[in-house]
Amino acid sequence: NPDDLYPLIKLKLAARHAEKQIPPEPHWGFCYLMLQKVSRSFALVIQQLPVELRDAVCIFYLVLRALDTVEDDTSIPTDVKVPILISFHQHVYDREWHFACGTKEYKVLMDQFHHVSTAFLELGKLYQQAIEDITMRMGAGMAKFICKEVETTDDYDEYCHYVAGLVGLGLSKLFHASGTEDLASDSLSNSMGLFLQKTNIIRDYLEDINEVPKCRMFWPHEIWSKYVNKLEDLKYEENSVKAVQCLNEMVTNALSHVEDCLTYMFNLRDPSIFRFCAIPQVMAIGTLAMCYDNIEVFRGVVKMRRGLTAKVIDRTKTMADVYGAFFDFSCMLKSKVNNNDPNATKTLKRLDAILKTCRDSG
Ligand code: RWZ
């Protein structure tokens, strides 16, 4: 029983129930408790959304988290897994449906999935349709990539589209359904997800490569094969010059999405939706600035310091703040570019374009 495991979170939830921020029914209690457990940072930014939208985003997140738990569970044979991924969007409507997999808090989520279905069925029809549509497309995309390696940079963009770009498309639909926002274009919404996903993929190199039993890697062969013969060779000391050059090319690739992200955020109206979108984006550019030319990415996980994270959350309120932060982190990146780096020209070109956008608009 998750309620016994996390007394502190339970206390916090009780306080929020008392403030009428969470519906009192047990399925909603379970969903918000689960959200806290599986993603502290997401639970933090979701809190500022208007109530109706927040409930939809919470369920959207948990449904995708459950889908991801199925994809991630290496003990499920492919011939069992693929049909589940493909039909997952239908199970969301079925309070009786159940599939045991995953470990720890993800196992709890799967075992108690009926709470998520129950909450889903209480959402407005438009929210339900948006969540179903994205779940269907993400499940199909995950199934496609189970037996497919990330070979080219196009594959990389395609994989990131399924696991993150579609989240962007879905969120844009939920924002629009809530009434305050215009419907953003698919292309800009996709970029919002790709920028975050690519940043995570870069930052998590070591975590992913050391994963047992199965290490699924998302760095595209087309990029790393210019520097090493095997992806795991990047972590060995003797390859550190090549490793950092490869890392810098990955960062340069991620920077290609920044201008779309700035346009997307510029078009938002509601201040709470704006903050919900902007905080993770500012953290991402900050993370890229820390990772660039940093051999530590191959030695451990490079994370923004707690204090810097708190600063970002506190100081990301308006578009001017976002331009300011992207400007500062791009300057920091620019100062780290070494003329000997094989992609220096391309990196500087992308950074200068971002700096110009921030200067002209901010
Ligand atoms: C705000 C328009 C949050 C777009 C992408 C941002 C995050 C990285 C993590 C879109 C369930 C979320 C955990 C799907 C598996 N992508 N992706 C706008 C955005 C879902 C789990 C987390 C993936 C994963």
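The notes below deal with the structure included here. (Residues numbered from 1 in each chain as written. Predicted model: local features only at pLDDT ≥ 70, side-chain atom pairs only at ≥ 80, totals over all residues. Heavy atoms only, no water.)

**Brief notes about the overall build of the protein chain**
Next up, step 1: Within the protein chain, the secondary structure is distributed over 19 helices and zero strands.
Next up, step 2: Computed over the C-alpha atoms, the radius of gyration of the protein chain is 21 Å, within 12% of the 21 Å expected from 2.2 N^0.38 for a compact globule of 362 residues.
Next up, step 3: Seen along its three principal axes, the alpha-carbon backbone of the protein chain occupies a region of about 60 × 50 × 35 Å.
Next up, step 4: Counting only residues that meet the buried cut, the protein chain has 53% of its 362 residues in that class.
Next up, step 5: Counting only contacts in the protein chain whose residues sit at least 6 apart along the sequence, the fraction spanning at least 24 positions is 73%. (Helix = DSSP H or I, 4+ residues; strand = E, 2+ residues; numbered from the N terminus. Rg over C-alpha atoms; globule rule 2.2 N^0.38 Å. Buried < 20%, exposed > 50% of the residue type's maximum accessible area, 1.4 Å probe, protein only. Contact = heavy atoms within 4.5 Å.)

**Considerations on the side chain of Arg-203**
Next up, step 1: Inspection of the secondary structure puts Arg-203 in helix H11 (residues 186-203).
Next up, step 2: There is a polar contact of 3.0 Å between the side chain of Arg-203 and the side chain of Asp-204.
Next up, step 3: Setting aside anything within four residues of it in sequence, one finds Arg-203 in contact with Thr-287, Cys-291, Val-297, Val-301 and Val-302. (Polar contact = N/O pair within 3.5 Å; in protein donor to acceptor, adjacent residues only side chain to side chain.)

**Observations regarding the packing of helix H15 (residues 258-266) against helix H19 (residues 344-361)**
When two helices pack together, you describe them by how their axes are tilted relative to each other and by the distance separating the axes.
Next up, step 1: Where H15 meets H19, the closest approach of the two axes is 10 Å, and the angle between their N-to-C directions is 20 degrees. Our classification of the angle between H15 and H19 gives roughly parallel. Remark: the crossing between H15 and H19 carries right-handed chirality. Seen from H15, the contacting residues are Val-258, Glu-259 and Leu-262; seen from H19, they are Ala-353, Ile-354, Thr-357 and Cys-358. (Axes fitted to C-alpha atoms, helices over the stretch in contact; angles between N-to-C directions. Parallel < 35°, antiparallel > 145°, perpendicular 65-115°, else oblique. Left-handed = near helix turned anticlockwise from the far one by under 90°.)

**What to know about H11**
Next up, step 1: Spanning 18 residues, H11 covers 26 Å between terminal C-alpha atoms, matching the ideal 26 Å at 1.5 Å per step.
Next up, step 2: Of all 18 residues making up H11, 14 are buried, and the element is well covered by its neighbours. (Expected span 1.5 Å × (residues − 1).)

**Details of the site of the ligand**
Next up, step 1: Close to the ligand lie 15 residues, the nearest being Arg-65, Ala-164, Gln-197, Tyr-264 and Cys-277.
Next up, step 2: Look at the ligand: alone it shows 580 Å² of surface, and the protein chains cover 88% of it.
Next up, step 3: Elements represented by at least two residues in the shell around the ligand include exactly helix H5 (51-72), helix H10 (153-177) and H11.
Next up, step 4: For the shell around the ligand, the element with the highest residue contribution is H10, accounting for five residues.
Next up, step 5: The residue inventory of the shell around the ligand, partitioned by class, reads ten nonpolar, three polar and two charged. (Near = heavy atom within 4 Å. Areas by Shrake-Rupley, 256 points an atom, 1.4 Å probe, with all protein chains shown as cover. Nonpolar A, V, L, I, M, F, W, Y, C, P; charged D, E, K, R; others polar.)

**As for the packing of H10 against H11**
Next up, step 1: Where H10 meets H11, the axes come as close as 7 Å, and the angle between the chain directions of the two elements is 125 degrees. The angle between the axes of H10 and H11 places the two elements in the oblique class. Considering only the axes of H10 and H11, their crossing is right-handed. Facing Tyr-156, Asp-157, Cys-160, His-161, Val-163, Ala-164, Gly-165, Leu-166, Gly-168, Leu-169 and Ser-172 of H10, the residues of H11 in contact are Asp-186, Ser-189, Asn-190, Gly-193, Leu-194, Gln-197, Lys-198 and Ile-201.
Next up, step 2: Grouping the constituent residues of the contact of H10 with H11 by class yields eight nonpolar, eight polar and three charged.

**Digging into the environment of Phe-42**
Next up, step 1: Note on placement: Phe-42 falls in helix H4 (residues 40-46).
Next up, step 2: Every residue in contact with Phe-42, bar those within four places of it in the chain, is listed here: Leu-35, Val-57, Tyr-61 and Phe-276.

**Some remarks on unusual backbone geometry**
Next up, step 1: A positive phi angle, near 50 degrees, is found at Lys-104, a position not held by glycine.
Next up, step 2: A residue is classified by how much of its surface remains accessible, and Lys-104, at 64% relative accessible area, is exposed.
Next up, step 3: The phi angle at Asp-293 is positive, at roughly 55 degrees, despite the residue not being glycine.

**Examining the packing of aromatic side chains**
Next up, step 1: All chains considered together, the criterion is met by 15 aromatic pairs.
Next up, step 2: Where Trp-97 meets Phe-113, the ring centres are 5.9 Å apart and the plane angle is 85 degrees; that geometry is what we call edge-to-face. Highlighted residues: Trp-97 in the loop between helix H6 (78-91) and helix H7 (104-111) and Phe-113 in helix H8 (residues 113-120), separated in sequence by 16 residues. When sorted by exposure, Trp-97 lands in the same class as Phe-113, which is buried.
Next up, step 3: Their ring planes at 10 degrees and their centres at 4.8 Å tell us that Tyr-159 and Phe-218 sit as a pair that is stacked. With Tyr-159 in helix H10 and Phe-218 in the loop between helix H12 (205-209) and helix H13 (221-224), this pair connects stretches of sequence that are 59 residues apart. Each member of the pair, Tyr-159 together with Phe-218, is buried. (Phe/Tyr/Trp six-rings, centres within 6.5 Å; stacked < 30°, edge-to-face > 60°.)

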